[in-house]
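# Structural features, examined
As a plain string of letters, each chain reads:
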Amino acid sequence: MKEAWGRFINLRDSGNPNNSTQAQVVEIPVNEIVSNPYQPRTIFNQEAIEELAKTIHTHGVIQPIVVRKKDREYELIAGERRLRAVRHLGWTTIPAIVREMNDAQTASAALIENLQREGLTPIEEAVAYQQLLELHGLTQESLAQRLGKGQSTIANKLRLLNLPEAVQNALLTKSITERHARALLAISSEELQIELLHECVDKGWNVKQMEERVKAKLTGMEQDGQKRGRARRKGLSKDVRLAVNTIRQSLEMIESTGLQVVYEEADEEEFYQFTIKVPKQNIPSNS
């Protein structure tokens, strides 16, 4: 965590929130602490919070939370789970380290602190990466280097944000896995993605079943497109060609009189279209 914080925020103690030689731990009122708007974790396991609360009740808060002073309150930077556990116990104060940080530093610290821990869902992780990219104007490659991750890891997570909201919510609630969701990225239709999502959840598909179902859908869509193309060509050759040839012959007859007719043909999905332009200045006068 120390190295990751140090790459993003410029603190005198290199971003280490527990350096007692440079940071003093103080007790601050729990009811004066507000959440960080850049907190990437949106779902907290209440059982895990209660287990942590039991540990804190026995041993106390071993690692202080990190906050910054904002107006008349304190804004949380790191330690959301510890704060929730203390609130669960009904304690009125919590040990904390108060930092001086600007908005960008606070946001980065909160995001990175959570990324270094386990338990974030793939969507929460993707949102954190996206916010770090926007905060610092980084490329995916430079972000990956700063976090010590592969660029493909960052890119694959960010692609999840292109999925429909229903699929993202299923990832948040762990109704499906990241590999289930990534299989759906092969399909461009949001409607079909959601349809397969519901089918997957209802039938309890594993990843391989999801991938096979997606592949079958794509194959079926391709075959349907080929059938429609053959049907269209077949209809034109039998039902429309006579009319098309008749119009072409009529245009040739008009041109044979010396009148230059301009026309265009277009083979549309539902009809065959002729656009004909007859220049007025070339029309012979009967007077």
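One structure accompanies this document, and this report is about it.

The rules behind each value
- Every chain begins its residue count from 1, and numbering advances along the sequence as written.
- Where local features are concerned, this predicted model is filtered to residues with pLDDT of at least 70; where side-chain atom pairs are given and counted, the filter is 80 or more; whole-chain, interface and lining totals use all residues.
- No hydrogens and no water enter the side-chain calculation; it runs on all heavy atoms of the structure.
- Strand pairing is defined by DSSP finding a minimum of two bridges between the two strands.
- Each helix corresponds to a stretch of at least 4 residues labelled H or I by DSSP, and each strand to a stretch of at least 2 residues labelled E; elements are numbered beginning at the N terminus.
- Here a residue-residue contact requires only that any non-hydrogen atoms of the pair lie within 4.5 Å.
- What counts as an axis is a line fitted to C-alpha atoms, over the stretch in contact for a helix, and the angles between N-to-C directions run from 0 to 180 degrees.
- The buried label goes to any residue with under 20% of its type's maximum accessible area, the exposed label to any with over 50%, and the partly exposed label to all in between, with areas taken from a 1.4 Å probe on protein chains only.
- Stacked, edge-to-face and tilted are the three classes for Phe, Tyr and Trp ring pairs, Trp counted by its six-membered ring, which pair at centre distances within 6.5 Å; planes under 30 degrees apart are stacked, over 60 edge-to-face, the rest tilted.
- The rule for a charge over a ring is simple: NZ of Lys or CZ of Arg within 6 Å of the ring centre, and within 35 degrees of the ring normal.
- Any angle that is under 35 degrees is reported as roughly parallel, and any over 145 degrees as roughly antiparallel; angles of 65 to 115 degrees are reported as roughly perpendicular and all others as oblique.
- Any residue outside Ala, Val, Leu, Ile, Met, Phe, Trp, Tyr, Cys, Pro, Asp, Glu, Lys and Arg is labelled polar, Gly included; the first ten of those are nonpolar and the last four are charged.
- In the sections that follow, a salt bridge refers to a side-chain nitrogen of Lys or Arg positioned within 4 Å of a carboxyl oxygen of Asp or Glu.

A few words now on the sheet that holds strand 2 (residues 33-34). Ordered in space as 1-5-3-4-2, the five strands form an open sheet in which the pairing is mixed. A strand with exactly one partner marks an edge of an open sheet, and here the two such strands are strand 1 (25-29) and strand 2. In the sheet, strand 3 (residues 65-70) pairs with strand 4 (residues 73-78) via five bridges, with the strands oriented antiparallel. Paired with Arg 68 across the bridge in strand 4 is Glu 75. Strand contacts of helix 4 (residues 103-115): strand 3 and strand 4, with the helix running at about 45 degrees to strand 4, the strand carrying the most contacts.

By the element assignment, Leu 251 lies in helix 11 (residues 207-256). When its relative accessible area of 4% is taken as the criterion, Leu 251 is described as buried. As for Leu 251 and Tyr 263, which are separated by 12 residues in sequence, their C-alpha atoms are 8.7 Å apart.

What follows covers the packing of aromatic side chains. Across all of its chains, the model carries zero aromatic pairs by this definition. Residue placement shows Lys 69 over the ring face of Tyr 74; its charged tip is 4.3 Å from the ring centre.

Take the packing of helix 5 (residues 122-136) against helix 8 (residues 165-172) next. The geometry of helix 5 relative to helix 8 is characterised by a closest axis approach of 7 Å and an angle of 110 degrees between their N-to-C directions. It follows from the interaxial angle that helix 5 and helix 8 lie roughly perpendicular. Between helix 5 and helix 8, the contacting residues are Pro 122, Ile 123 and Glu 124 on the first element and Gln 168, Leu 171 and Leu 172 on the second. Of the residues in the contact of helix 5 with helix 8, the class split is four nonpolar, one polar and one charged.

Throughout the structure, instances matching the rule amount to eight salt bridges. Note that Arg 84 and Glu 80 form a salt bridge whose closest N and O atoms lie 3.0 Å from each other. Residue Arg 84 and its partner Glu 80 are located together in helix 3 (residues 80-89), separated by four residues, close to a single helical turn. Take Glu 80: its relative accessible area is 8%, and that puts it in the buried class. Ionic pairing is found between Arg 213 and Glu 199, a salt bridge with its closest N-O pair at 3.7 Å. Here the residue Arg 213 occupies a position in helix 11, and Glu 199 occupies one in helix 10 (residues 190-203), the gap between them amounting to 14 residues. According to the relative accessible area criterion, Arg 213 is partly exposed, its value standing at 30%. Three or more residues are tied together by salt bridges with common partners; here these are Arg 68, Lys 70, Glu 75 and Asp 103.

Of all six residues that make up strand 4, five are buried, and the element is covered over most of its length. The sheet contact formed by strand 2 and strand 4 spans two bridges and is parallel. By the bridge assignment, Ile 33 is partnered in strand 4 with Tyr 74. The antiparallel pairing of strand 3 with strand 4 creates a hairpin that spans two residues between the two strands, and Asp 71 there sits at a positive phi of about 55 degrees.

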